[in-house]
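# Structure at a glance
Below are the chains, spelled out letter by letter.
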Amino acid sequence: MITSTTGPQPADFADVRATNLTVVLRFVREHAPCSRADIAASTGLNKATVSSLVADLIDRRLVRETGLTENRVGRPATMLVLDGSPYAAIGVEISVDTVSAVATDLAGERLLTWRRSFSGGDSVNQGMAGVGAIVRRVVGRMAKEERQVLGLAVAVPGLIDVQGTVRIAPNLGWRDADIGGDLTKALRDPGFPIQVDNDANLAALAEQRFGAHAGASDLIYLTGEMGVGAGIILDGRLRRGGRGHSGEIGHVQLDPDGPACHCGRHGCLEAMAGIGAVLRKDPSPAEIQVEIEEVVRLARSGDPESLSTLDSVGRSLGKGVSILANLLDPEVVILGGYYVPLAPWLLPAVHEELGHRVVAGGCHVVASTLGHDAAALGGAARVLDSVDSGRLPGGLSRIP
Ligand SMILES: [Zn+2]
């Protein structure tokens, strides 16, 4: 005899409630200050359910009440805003010459921004000892402020698989490194999740949450560090691909007779429009900042050779961006890293190439406004995203 169960089971009920909690939390994040009635009207949840969900979020100190405001029909309503003061999200970016750490509260307000010089090139173990020391200090600072750390996400310039293992980080010289495991050990099982992701992916998440085009559902971030990689957000979600290796636009070949690339091929975008092409030599990590400043100074002074190099780099970059634009149709492509100070000279050539090459006509390309720690900020954004998608801290669900 075949039996079937009908009606919601306890597990289903808990799932629905958890989903509704995140719906309310997201609404408050996007629309605060707002009232319980606003939440009910916009989400379709009934008022009693909204009251119960809000009480739960207040118990967890994710939402707090703030004063009274006259609502549309003239009755005073208690307004709600995100609280999150007892929480922190941490993002860390490992790059060739620096480690950056950012901590934010639940609303995304920065609590701390640290940057330390770093030589990851020595070995994974030595490099991770340095990273572990910085992370321990950040976690210690958050503990002192009596904040619960919701999670840590680490950005690495390289191929990271979906489990978070660094398969290869060529500019760091790292291979098959379980740096999430290393950090868990260094922090002695900290009790919060540690995630590892590609730097371009996390920078794209930072732009989506905090950047000048925040909220864009189709956005591409292009790193301009030692390498060139793309973080791709389509239909509102980061697209990592089957093995987690999407976005390797840096090694799309633009010219088979072009200059040699580190990957062993010729004429890759990275070789023609990366920082090495701007500086016209293999840059040494410690010198890049100073050398890029010198290029900016020369370009400002109208130096013909510098202007011609930047024009040619801009054209190659435009070719690369046109591939992304034709393939993925983003609302905006955001240039990060060292492309930002060079953008006034790169963008005219980029736009001219796009005008010729993008079938649907042009593409919006801008310089990032988030600065060099975009990927670290993106680490914090990834932690906040996991709260938005249901990993809620603190409190006990109260059953209405
Ligand atoms: Zn290459």
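For clarity, every value in this text was computed on a predicted model and none was experimentally measured. (Residues numbered from 1 in each chain as written. Predicted model: local features only at pLDDT ≥ 70, side-chain atom pairs only at ≥ 80, totals over all residues. Heavy atoms only, no water.)

## Remarks on the packing of aromatic side chains
Counted under the stated rule, the structure contains 0 aromatic pairs. The positively charged end of Arg116 is found above the aromatic ring belonging to Trp114, 5.4 Å away from the centroid. Across from the ring centre of Trp114, 5.1 Å away, lies the NZ or CZ of Arg137, which sits over that ring. (Phe/Tyr/Trp six-rings, centres within 6.5 Å; stacked < 30°, edge-to-face > 60°. Lys NZ or Arg CZ within 6 Å of the ring centre and 35° of its normal.)

## A look at the coordination of the zinc ion
At the metal site, the zinc ion is ligated by His251 (ND1), Cys261 (SG), Cys263 (SG) and Cys268 (SG), and these contacts range over 2.0 to 2.3 Å. Coordination geometry of the zinc ion: the 4 donor atoms subtend angles of 106 to 121° at the metal centre, consistent with an arrangement described as tetrahedral. Mapping the donors of the zinc ion onto the primary sequence yields the spacing H-x9-C-x1-C-x4-C. Residue classification places Cys261 among the buried residues on the basis of a relative accessible area of 10%. On the basis of relative accessible area, Cys268 is assigned to the buried category, the value being 0%. (Donors = N, O, S within 2.8 Å, 3.2 Å for Na, K, Ca; no water. Tetrahedral: all angles 85-135°; square planar, octahedral: opposite > 155°, others 65-115°. Buried < 20%, exposed > 50% of the residue type's maximum accessible area, 1.4 Å probe, protein only.)

## Digging into the sheet that holds strand S4 (residues 87–94)
One open sheet accounts for 5 strands, arranged S6-S5-S4-S7-S11; its pairing is mixed. Each edge of the open sheet is held by one strand with a lone partner, namely strand S6 (110–117) and strand S11 (194–198). Each neighbouring strand pair of the sheet contributes to a mean axis angle of 15°, computed without reference to strand direction. Pairing of S4 with strand S7 (residues 148–156) involves 7 bridges; the strand directions are parallel. Within S7, the position partnered with Gly91 by the bridge is Ala153. Running over the sheet, helix H4 (residues 124–144) touches S4, strand S5 (98–104), S6 and S7 and is turned about 155° from S6. On top of the sheet, helix H5 (residues 179–186) reaches S4, S7 and S11; it is set at about 145° to S11, its chief contact. (Pairing = 2+ DSSP bridges. Helix = DSSP H or I, 4+ residues; strand = E, 2+ residues; numbered from the N terminus. Axes fitted to C-alpha atoms, helices over the stretch in contact; angles between N-to-C directions. Contact = heavy atoms within 4.5 Å.)

## What to know about the environment of Arg141
Locating Arg141 in the fold gives a position in helix H4. Put simply, Arg141 and Leu111 are 30 residues apart on the chain and 10.0 Å apart in space, counted from C-alpha to C-alpha. Excluding residues within four positions of it along the chain, Arg141 makes contact with Leu112 and Trp114.

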